[in-house]
Amino acid sequence: MRALILSTILLALIPLPAPAAPLIRVMLLDGESGGPYHKWQLVTPVLKKELEETGLFQVEVVTAPKAGEDFSNFKPDFSKYQVVVSNYDAANWPDTLKASFEQYIKAGGGLVTVHAADNSFGQWTEYNKMIGVGGWRGRDENSGALWYFKDGKLVSDNKPGKAGAHGRRVPYQLVTRDASHPIMKGLPAAWMHQGDELYNSLRGPGENMTVLATAFSDPANSGSGHDEPMLLITNYGKGRVFHTALGHDVNALSCVGFIVTLQRGTEWAATGKVTQKVPATFPSADTVSYRTDIAAMDPGYKSGLNPLDARPPAR
Ligand code: ZN
């Protein structure tokens, strides 16, 4: 009996493992992306894997109807999620759906836009405030100024013209512009991104916007000659938005720099904090770092090659 009591007391003294933190609920939104330009069906499983492998996120894919299809039954309950990650580029949404999304972000919902998601909804004023800057889909000087870095500072430029352009997909260097932001803490001052489109001449209201990293848009590759915003955040109401212009295709998504900034940016948009460590495999100022297990999620990938050398010819 004494032994039983003693063992009961001892058992009571053994600390229970801390309950695991609840997973961050993520809506991964897709359904179309800029006509033939983006293979969004290949991109969604990559984004899902990259988020879930952190152990922080529970990702649910929500696929919107395509343009011209019936939206009357598409009423996602945004409030079930802490953050919406968008792999989605469409022309427009019905007004009630737009209002529901605006209310969700204003009330503190998070948003992450990946690459062509900043092409989406060219004429939706509130969406353009959320993403800070965007390109294509009718955007021009009426959509807002050009925003880029000049002499180490973010400037706006009211020069008229269309919004959105890019050159061939080649590796390029990202330069950190706000090393103290939670998403950027511990990242190098400069790092090479795997071959990708480098968006230039994005336009928008730029309200409550902080640019975290830029890349030089080289005129030798159809560029603007400016240091263009590549990673940025905005605040919209109580909501936090992380906007990455990176990520044209699976090859680009295999870059460790893309993966880490997506994972960190999504955690920040959902919670306002970043708890993840920067891996030792993070790219350096002059060398790309990519994951072949991610590259191989594109059926066109040839095993053993740098995904950049295994991709179809650049447009
Ligand atoms: Zn693209």
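This write-up is about the structure you can find in this document.

Cut-offs and rules
- Residues numbered from 1 in each chain as written.
- Predicted model: local features only at pLDDT ≥ 70, side-chain atom pairs only at ≥ 80, totals over all residues.
- Heavy atoms only, no water.
- Helix = DSSP H or I, 4+ residues; strand = E, 2+ residues; numbered from the N terminus.
- Expected span 1.5 Å × (residues − 1).
- Buried < 20%, exposed > 50% of the residue type's maximum accessible area, 1.4 Å probe, protein only.
- Donors = N, O, S within 2.8 Å, 3.2 Å for Na, K, Ca; no water.
- 1 Å grid on protein atoms, 1.4 Å probe; cavity = no way out; pocket = protein on both sides within 12 Å on 5 of 7 lines; lining within 4 Å.
- Points joined across faces, edges and corners; volume = space filled by probe spheres on them.
- Nonpolar A, V, L, I, M, F, W, Y, C, P; charged D, E, K, R; others polar.
- Arc of directions from axis to C-beta.
- Contact = heavy atoms within 4.5 Å.
- Pairing = 2+ DSSP bridges.
- Core = buried A, V, L, I, M, F, W, Y, C linked by side-chain atoms within 4.5 Å.
- Salt bridge = Lys/Arg side-chain N within 4 Å of Asp/Glu carboxyl O.

This paragraph deals with helix 2 (residues 40–52). Between its first and last C-alpha, helix 2 extends 18 Å over 13 residues, near the 18 Å set by a 1.5 Å rise per residue. Of all the residues in helix 2, the buried ones are W40, V43, T44, V46, L47, E50 and L51.

With that out of the way, let us pick up the coordination of the zinc ion. Within the protein, the atoms that donate to the zinc ion are H38 (NE2), H115 (NE2), E197 (OE) and H248 (ND1), at distances of 2.1 Å. Linear spacing of the donor residues for the zinc ion on their chain is H-x76-H-x81-E-x50-H. You can see H38 sitting in the loop between strand 1 (24–30) and helix 2 and its partner H248 sitting in the loop between strand 12 (239–244) and helix 5 (250–253), a full 210 residues away along the chain. Taken individually, H38 and H248 each receive the classification buried, so the pair is uniform in this respect.

To continue, consider the layout of surface pockets. Of the voids in this model, the second largest pocket is the one considered here, and its volume is about 180 Å³. Surrounding the second largest pocket, eleven residues form its lining, Y37, H38, N119, W136 and H166 being those nearest its centre. Split by residue class, the lining of the second largest pocket holds three nonpolar, four polar and four charged.

Turning next to empty space enclosed by the protein. Under the definition given, this model contains two cavities of 30 Å³ or more. For the largest cavity, the full set of lining residues is S33, H38, K39, W40, V43, N87, V114, H115, A116, G247 and H248. Grouping the constituent residues of the lining of the largest cavity by class yields four nonpolar, six polar and one charged. Forming the walls of the second largest cavity are L29, S86, Y88, W93, F101, L111, F121 and Y127.

Its twelve residues give helix 3 (residues 95–106) an end-to-end C-alpha distance of 16 Å, which sits within 8% of 16 Å, the value for a rise of 1.5 Å per residue. Residues of helix 3 that are buried include every one of L97, K98, F101, E102, Y104 and I105, and no others. The arc that holds the buried residues of helix 3, viewed along the axis, is 160°, so those residues lie on one side. Structural note: helix 3 exposes D95, T96 and Q103 on the side pointing more than 90 degrees away from its buried face. On the buried face of helix 3, the contacting elements are strand 3 (83–86), strand 4 (110–114), helix 4 (125–131), strand 11 (227–236) and strand 12. The first or second residue beyond helix 3 is G108, which carries a positive phi of 120°.

The buried fraction of strand 11 is high, at eight of ten residues. With seven bridges joining them, strand 10 (residues 209–216) and strand 11 adopt antiparallel strand pairing. Looking at the pairing, F216 lines up with D227 of strand 11. Strand direction decides the pairing type here: strand 11 and strand 12, joined by six bridges, are antiparallel. Counterpart to N235 in the pairing with strand 12 is R240. Linking two consecutive strands that pair antiparallel, namely strand 11 and strand 12, is a turn of two residues; a positive phi of about 60° is found at G237 within it.

Along the polypeptide, H181 turns up in the loop between strand 7 (170–176) and strand 8 (190–196). Those residues in contact with H181 that lie beyond four places of it in its chain are L212, I233 and W268.

Looking now at the environment of T113. Structurally, T113 is set in strand 4. A relative accessible area of 0% places T113 in the buried class. In sequence terms T113 and M184 are 71 residues apart; their C-alpha atoms lie 17 Å from each other. Residues within four places of T113 in sequence aside, it is in contact with S86, Y127, I131, F242, H243 and T244.

In this section: the nonpolar core. Formed by 52 residues in total, the largest nonpolar core has its most connected members in L231 and F258. At eight residues, the largest contribution of residues to this core is made by helix 6 (residues 256–271). If you look at the next biggest cluster of nonpolar residues, it comprises 25 residues, including M27, F101, I105 and Y236.

In total, this model carries nine salt bridges according to the counting rule given. Residues R137 and D89 are paired through a salt bridge, measuring 2.6 Å at the closest nitrogen-oxygen approach. In this pair, R137 sits in the loop between helix 4 and strand 5 (145–150) while D89 sits in the loop between strand 3 and helix 3, placing the two residues 48 residues apart along the sequence. Here D227 makes a salt bridge to R177, at a shortest N to O gap of 3.8 Å. Highlighted residues: D227 in strand 11 and R177 in the loop between strand 7 and strand 8, separated in sequence by 50 residues. When salt bridges that share partners are traced, they join K49, E53, R291 and D293 into one network.

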